[in-house]
Amino acid sequence: MKGTVLICCFFSLLQLQATAEEEGGDDFISVLRDRSHIDETLRLATEEKAGDYAAALERLRKIYHTSIRPMEQAYKYNELRQHEISGAEPTTSEFTVIMHGEKIRSVEGIVMAADSSRSFSPLEKFGQTFLEKLIGIEMPHKLLERVTFVDTPGIIENRKQQERGYPFNDVCQWFIDRADLIFVVFDPTKLDVGLELEMLFRQLKGRESQIRIILNKADNLATQDLMRVYGALFWSLAPLINVTEPPRVYVSSFWPYDYAPDTSRELFKREEISLLEDLNQVIENRMENKIAFIRQHGIRVRIHGLLVDRYVQTFKEKMSYFSDPELVFKEIVDDPDKFYIFKSILAKTNVSKFDLPNRDAYRDFFGVNPITNFKPLTAQCSYMGGCLLEKIERAITNELPALLSSINSGKQPGLSSCEATGCGEKPKNRYRKN
């Protein structure tokens, strides 16, 4: 099982070294600086125990598909995300996936999506135009046996997205949701922090712990200028990242050639080693990170389901025989506080006010998805499948923490008692009135 790193900065290093090894170019290697610390820092010679991770991953998938995804689909959670996020456009149009292969070769996006042995088949839903902008590069590098890198396009101010022919924001979100580590790379000679970056960090909301900032090409600036750029970057990013501890910033020059003369060579090398250690730790902890993220995702899906349920209940309570449905619901969605929509959710168990979505997003959400299309939670139960709310609460409270505990203790992750023996009892719906 591999991890995924989004917005990579190692592409030039891997590609150039692999090309040199394949062609046997001694003259080529001579222009590269010493990179012997890479294999040592990343422990590329260490063999991994794949069996335990494969079992944990299968268990995680089962929990997601049986306990979280049903509510996600029933209340169209992914469409809410689309209304919460909008805005950015790429400066270039290609998404590049760097992955392991027996030899250096490129793979077209349509081939990647059609190959069932890969994990990119869901990308077909974004259309053939996008697949033409997707390219894979395979190369025989030990690191790529453990992690896959995705290099996304840069972004600029929003323009007409239909000109692109594919939903750029949705594609970015697909990769973001599957990333174990996210590198946001800046060029200190072209530092530009504006609306497009704000939109990107809106998409990264909830993933702040996985973000790393890279100030690349640092040897192009004198030390005094570099310090000024570093300070300006922190000042600009502070309003965009609403966390107590800001992401780590790595300052170096990450291509494989020698640093420019009269620059902070030792500092840049230490920064590179520190980044590699960070990357290695994320790779080693990737299963724990995946479990934590799925649980965080489940909490948000649960809150969304509770909110939609509350909107549905309020709508039914306010409707009468002579009421105009559109006017009734417009009053509710325009002023949810008047009907205690969000406050009622905060009264539920384990709901933080900081996890509540933007209420304005629900105006757009229900504009596309009529309130009458949704059933209340009391109707979301079946004899065989159980109740959506009970299943997602069980996953958040018991199943995912138990899976995480089994990983940390080194035990083989197993099935829950019901899955192992088959409970065979009719689910109790504590939300339905008797």
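Residues numbered from 1 in each chain as written. Predicted model: local features only at pLDDT ≥ 70, side-chain atom pairs only at ≥ 80, totals over all residues. Heavy atoms only, no water.

**Observations regarding the confidence of the model for the protein**
Taken residue by residue, the protein gives an average pLDDT of 80. The fraction at 70 or more is 79%. Within the model, pLDDT remains below 50 along residues 157-162, and this stretch shows 12 contacts once partners closer than five positions in the same chain are excluded. (pLDDT = per-residue confidence, 0-100. Contact = heavy atoms within 4.5 Å.)

**A word on the environment of Lys 269**
Here Lys 269 lies in helix α11 (residues 265-284). Overall, the relative accessible area of 31% leaves Lys 269 in the partly exposed class. Taking the C-alpha atoms as reference points, Lys 269 and Arg 35, separated by 234 residues in sequence, lie 9.7 Å from one another. Discounting residues that sit within four places of it in the chain, Lys 269 has contacts with His 37 and Tyr 259. (Helix = DSSP H or I, 4+ residues; strand = E, 2+ residues; numbered from the N terminus. Buried < 20%, exposed > 50% of the residue type's maximum accessible area, 1.4 Å probe, protein only.)

**Some thoughts on helix α8 (residues 168-176)**
With eight of its nine residues buried, α8 lies for the most part within the structure. Residues of α8 that are buried: Phe 168, Asn 169, Val 171, Cys 172, Gln 173, Trp 174, Phe 175 and Ile 176.

**A closer look at helix α10 (residues 223-237)**
Look at α10: 21 Å from first C-alpha to last across 15 residues, which is about the 21 Å you get at 1.5 Å a residue. Listing the buried residues of α10 in full gives Leu 226, Val 229, Leu 233 and Leu 237. Seen along its axis, α10 keeps its buried residues to an arc of 60°; they face one direction. Facing away from the buried surface of α10 by more than 90 degrees, the exposed residues are Gln 224, Met 227, Arg 228 and Trp 235. (Expected span 1.5 Å × (residues − 1). Arc of directions from axis to C-beta.)

**Here's the deal with the side chain of Arg 33**
As for its placement among the helices and strands, Arg 33 is situated in the loop between α2 (26-30) and α3 (36-42). Note on Arg 33: relative accessible area 10%, which makes it buried. Polar side-chain contacts of Arg 33 include one of 2.8 Å to the backbone oxygen of Ser 253. At a separation of 3.0 Å, a polar atom in the side chain of Arg 33 contacts the main-chain carbonyl oxygen of Trp 255. Those residues in contact with Arg 33 that lie beyond four places of it in its chain are Ser 253, Phe 254, Trp 255, Pro 256, Tyr 257, Asp 258, Tyr 259 and Glu 272. (Polar contact = N/O pair within 3.5 Å; in protein donor to acceptor, adjacent residues only side chain to side chain.)

**Let's talk about the pairing of strand β9 (residues 211-215)**
With respect to burial, β9 is a largely interior element, five of its five residues being buried. Covered by surrounding structure in β9 are Ile 211, Ile 213 and Leu 215 together with Arg 212 and Ile 214, the residues of both alternating faces. Examined bridge by bridge, strand β8 (residues 181-186) and β9 share five bridges and lie parallel to one another. Across the sheet, residue Ile 182 finds its bridge partner in β9, namely Ile 211. When β9 meets strand β10 (residues 249-251), the two strands line up parallel, connected through three bridges. In the strand pairing of β10, Ile 213 is matched with Val 249. Viewed along the sheet, the connection from β9 through α10 into β10 turns out right-handed. (Pairing = 2+ DSSP bridges. Right-handed = clockwise from strand over helix to strand, strands pointing away.)

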